[in-house]
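Fold and geometry: a report
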Amino acid sequence: MHYSEIPTLGIGLAADVAGGQPNYRNFLPPHGPDKIDYLSFGAHHIQLPRIKHFLSDLIHDRLPIVFHPVNFNISTCNTEEDDVVIGTRGIADYTSAIWMGQDVGIWAYRGHYLGPMLIPAILDEASVSETAAKVKYLQALMPCPFLIENPPVNACLETMHMLDFMRHVSEEADCGMVLDLGHLIGYQQATGRDRWDMPLANFPFERVVEIHVAGLQFSRVGSDLNIIDQHAYPVHDSCWELLEAIGPELKCLRGLTLEQEYCEDHLVLEHLRKARALSDKLGLFSHAN
Amino acid sequence: MRIEYELYQRLTWDPAFRRAVAGADSSEIERLAPNSVHLEAIVKLAKSPGLEEECYRRIASLFKISAEIFSYSHQLFVSYFGDEFFERVLASYFDDCGDLKGTVEILEPFDGYVAGPRLLRAAKQAAKLAQMSWLADLAGYDWAVWHAARVAEGWPALENVPPLVPGATLLSVTYDLPSLLREIKRLQRSGVSPEIYRQRIQPAPGQYYAVILPKDGQVMQAKIDRELYEDISKNRSSDSNILDPDYRCFIEELGIVVANSFLCCSPEFRRSANSLADVIAPEPH
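These notes cover the structure that comes with them. Positions within a chain are numbered from 1, following the residues in the order the chain's sequence is written. Numbering of ligands from 1 and lettering of chains from A proceed in the order in which they are written. Whole-chain, interface and lining totals are the exception, using all residues; otherwise, since this is a predicted model, local features are given only for residues with pLDDT of at least 70 and side-chain atom pairs are given and counted only at 80 or more. Computation of side-chain values: all heavy atoms of the structure, hydrogens and water removed.

1. Thoughts on the overall build of chain A
By definition, any uninterrupted DSSP run of H or I lasting at least four residues is a helix, any uninterrupted run of E lasting at least two residues is a strand, and each is numbered from the N terminus. Secondary structure summary: chain A contains 7 helices and 14 strands in total. Throughout, radius of gyration means the C-alpha value; the globule benchmark is 2.2 Å times the number of residues raised to the power 0.38. In terms of overall size, chain A behaves like a compact globule, its C-alpha atoms giving a radius of gyration of 18 Å where 289 residues would be expected to give roughly 19 Å. Based on the C-alpha atoms only, the size of chain A along its principal axes is roughly 50 × 40 × 40 Å. Sorting the 289 residues of chain A into buried and exposed places 62% on the buried side. Working rule for contacts: check all heavy atoms of both residues, and any pair within 4.5 Å makes them a contact. Summarising the internal contacts of chain A: among those between residues at least 6 apart in sequence, 80% fall at separations of at least 24. Surface exposure of chain A reaches about 10,300 Å², of which carbon and sulfur atoms provide 49%. For every residue, the accessible area obtained with a 1.4 Å probe (protein chains only) is divided by the maximum for its type, and the residue is called buried under 20%, exposed over 50%, and partly exposed between those limits. Residue exposure ignores everything except the shown protein chains as possible cover, and the areas themselves are Shrake-Rupley values with a 1.4 Å probe.

2. A word on the packing of helix α3 (residues 125–141) of chain A against helix α4 (residues 162–173) of chain A
Residues and elements named next belong to chain A. A fitted line through C-alpha atoms represents every axis, and for helices the fit uses only the stretch in contact; the resulting angles, taken between N-to-C directions, go from 0 to 180 degrees. Contact pair α3 / α4: the axes reach a minimum separation of 8 Å and the direction vectors enclose 45°. Here α3 lies oblique to α4, going by the angle between them. Judged by the sense of rotation from one axis to the other, the crossing of α3 with α4 is right-handed. Seen from α3, the contacting residues are Ser 127, Val 128, Ser 129, Thr 131, Ala 132, Val 135, Lys 136 and Gln 139; seen from α4, they are Phe 165, His 168, Val 169, Glu 172 and Ala 173. Three classes are used: nonpolar for Ala, Val, Leu, Ile, Met, Phe, Trp, Tyr, Cys and Pro, charged for Asp, Glu, Lys and Arg, and polar for all others, with Gly counted as polar. For the contact of α3 with α4, a count of residues per class yields 6 nonpolar, 5 polar and 2 charged. Relative orientations are named as follows: roughly parallel for angles under 35 degrees, roughly antiparallel for angles over 145 degrees, roughly perpendicular for angles from 65 to 115 degrees, and oblique for any other angle. Crossings are classed by handedness, with left-handed meaning an anticlockwise turn of the near helix from the far one by less than a right angle and right-handed meaning a clockwise turn.

3. Some details on helix α7 (residues 112–129) of chain B
All names here are of chain B. By this rule the span expected of a helix is its residue count minus one, scaled by 1.5 Å. The end-to-end C-alpha separation of α7 is 25 Å, in line with the 26 Å expected for 18 residues at 1.5 Å each. Buried residues dominate α7, accounting for 13 of its 18 residues. Two N or O atoms form a polar contact when they lie within 3.5 Å of each other; inside protein one atom must be a possible hydrogen donor and the other a possible acceptor, and for residues adjacent in sequence the pair counts only when both atoms belong to side chains. Near the N-terminus of α7, the side chain that reaches the backbone nitrogen of Tyr 113, with its oxygen 2.8 Å away, is that of Asp 111.

4. Overview of the pairing of strand β11 (residues 208–213) of chain A
Residues and elements named next belong to chain A. For β11, a buried count of 6 out of 6 residues is recorded, marking the element as mostly surrounded by other parts of the structure. Pairs of strands are assigned from DSSP output, requiring at least two bridges between the strands. Strand direction decides the pairing type here: strand β10 (residues 177–180) and β11, joined by 4 bridges, are parallel. Following the sheet pairing, Leu 179 is matched in β11 by Ile 211. As paired elements, β11 and strand β14 (residues 255–259) share 4 bridges and run parallel to each other. Bridge pairing links His 212 to Thr 257 in β14.

5. Concerning the sheet that holds strand β1 (residues 169–173) of chain B
All names here are of chain B. Spatial ordering of the open sheet is given by β1-β2-β3, a layout of 3 strands whose pairing is antiparallel. Bordering the open sheet on either side are β1 and β3 (218–224), each of which pairs with just one other strand. Going from strand to strand, the sheet's axes swing by 25° on average, the running direction of each strand aside. Where β1 lies against strand β2 (residues 208–215), 5 bridges are found, and the strand directions are antiparallel. Following the sheet pairing, Leu 170 is matched in β2 by Val 211. Together, β1, β2 and β3 form the strand contacts of helix α8 (residues 133–153), whose direction differs from that of β2 by roughly 20°.

6. Quick word on the packing of aromatic side chains
Residue and element names in this part refer to chain B. Note on aromatic pairs: the rings of Phe, Tyr and Trp (six-membered ring only in Trp) are paired at centre separations within 6.5 Å, and the planes decide the class, stacked below 30 degrees, edge-to-face beyond 60, tilted for the rest. Overall, the coordinates contain 21 aromatic pairs over all chains when judged by the stated rule. Seen in terms of ring centroids, Trp 13 and Phe 110 are 5.4 Å apart; in terms of plane orientation they differ by 10°. Their pairing is stacked. Pair noted here: Trp 13 is in helix α1 (residues 3–13) and Phe 110 is in the loop between α6 (74–91) and α7, with a separation of 97 residues, a long-range link. When the ring of Tyr 209 is compared with that of Tyr 229, the centres are 5.1 Å apart and the planes differ by 35°; the resulting orientation is tilted. Highlighted residues: Tyr 209 in strand β2 and Tyr 229 in helix α11 (residues 226–235), separated in sequence by 20 residues. On the accessibility criterion, Tyr 209 (9% relative accessible area) is buried. Ring-pair connections join several aromatic residues into one group, and the members of that group are Phe 63, Phe 70, Phe 77, Phe 81, Phe 85 and Phe 86. A positively charged side chain is recorded as over a ring if its NZ (Lys) or CZ (Arg) lies within 6 Å of the ring centre. The angle to the ring normal must also be within 35 degrees. Lying over the aromatic face of Tyr 93, Arg 118 brings its terminal NZ or CZ to 4.9 Å of the ring centre.

7. Observations regarding the nonpolar core
Joining through side-chain atoms within 4.5 Å is the link that ties buried Ala, Val, Leu, Ile, Met, Phe, Trp, Tyr and Cys residues into a set, and such a set is a nonpolar core. Membership of the largest hydrophobic core comes to 160 residues, with the highest contact counts inside it found for Tyr 24, Leu 55 and Ile 211 of chain A together with Leu 62, Phe 85, Tyr 93 and Leu 138 of chain B. For this core, the element with the highest residue contribution is α8 of chain B, accounting for 11 residues. With near-sequence residues (within four places) excluded, Phe 85 of chain B lies in contact with Phe 77, Leu 119, Ala 122, Ala 123 and Ala 126 of chain B.

8. A few points about the sheet that holds strand β1 (residues 10–14) of chain A
All names here are of chain A. Around the barrel, 8 strands lie side by side as β1-β2-β3-β4-β9-β10-β11-β14; this closed barrel has parallel pairing. With direction set aside, neighbouring strand axes in the sheet form an average angle of 25°. This element, helix α1 (residues 48–60), spans β2 (38–43) and β3 (65–69) of the sheet and lies at about 160° to β2.

9. Regarding the environment of Ala 20 of chain B
Residues and elements named next belong to chain B. Inspection of the secondary structure assignment puts Ala 20 in helix α2 (residues 15–23). Using a relative accessible area of 33% as the deciding quantity, one classes Ala 20 as partly exposed. Sequence separation between Ala 20 and Val 43 is 23 residues; the distance between their C-alpha atoms is 9.6 Å.

Shape is all these values report; function is a separate question.
Structural data, given as structure tokens:
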């Protein structure tokens, strides 16, 4: 399936499938008036048994699922290990994932999983080619559209802006994108740019399938400031502001994901209501097919 | 993989290298960062607050897991060996150190099963160089207790020393270990300086033999006499530093643990390997 054929889902929640905190089941029918439209989760390629254990009833009830793999090195053009491909595909198949997306970067170094210590993609032409080649390779192997996400960045090597990099890769690979607003805000700070100094005019918003919003952690060391993606914190105002600013451009958006792992239910409820109100105001899903 | 990724990785995991690149002149940069097309950018990167933040995250994570595993010896690592000790561990973190493919490599980078052996190895080397074998023994004790606790939680043992049960360690210390531990606890309660640790933590004459093992979800420490220690030692079928040759069971068990754990977003989050938690019933809101 091409990313342009993905159905519109609405507002989703990223959470651990175990439902410890937050318990996403509190936001599924028939509970409350406040419901999420889909569940997004991340998992290792070997975690299918766990996913089956916690989600089998919801899969049976056809809860829409968005899957975030964590084992591919998106920024290198090497092929991936067979077991990683098979395992990841197995999860996507089992959950009938509507789409899957992973941050562009290096997630495993010398065979070791890096997780939160991932290496962000180098933002240059050579990296565009490598990343696009990897995305095309994954698109051919996965049962649903594979999207690229802008990674969290405190420091990076670049000859172009992150958004230009994402544009070039998505056009070369003909893929959709996940635009993580918190990652983008952190990237702007990390690269010494003003918050709004980004090449939005040429950015292919029609390729943005999913938006992520999350909390941000501000680390001040003397006069230096780092803005760090922090899913355990409330969604930061700057994320909402950025979403409101670009909202009119997001004419093909399929999902807005609240990344709220480790947040208490009451915070999720607050953000869900805010997201609904904002998406109604901006008409984010008014194009729904 | 492009050389720039190797350099980025090294800049974030090797603080000494980062300082060298940040302070290098143009003639040194090519030597430090050969074959790169982004030499100036790499120097700029090395000096950036963002990269310093990335370095901090790694060294802070290492300090944190060290304090957790080496509950008695961590402060002594700090007192005697300083930040350089931890920096050296980080710098060699991804060097070949005997990890088996498909096992610890799938854990978070600062999981105890990844960090613990590296810290223990480095501590033993540093203690040997400083002629402080007692500190190496203390670190071994800390590791044995932590490892047994983890096995008691349901994880597979990282080391097996037959005929002992998985996760058990045979301990032999040529000083009065219990007294040393009590004194360390006194100092910990008062939050004293590294200098005071160096002054006051000195092993007293004596000897101590024990088996530390996981049992019924807890850690047991069974004090034994020298004779029993030597008996057990004679019957040991492998060195405790060598992993069980038949590691397939371990891989499968560790795979089960990882399969049942939430590893995506936090290295602190752990689940027992034995059973998955129940699905949590929703509550009205």
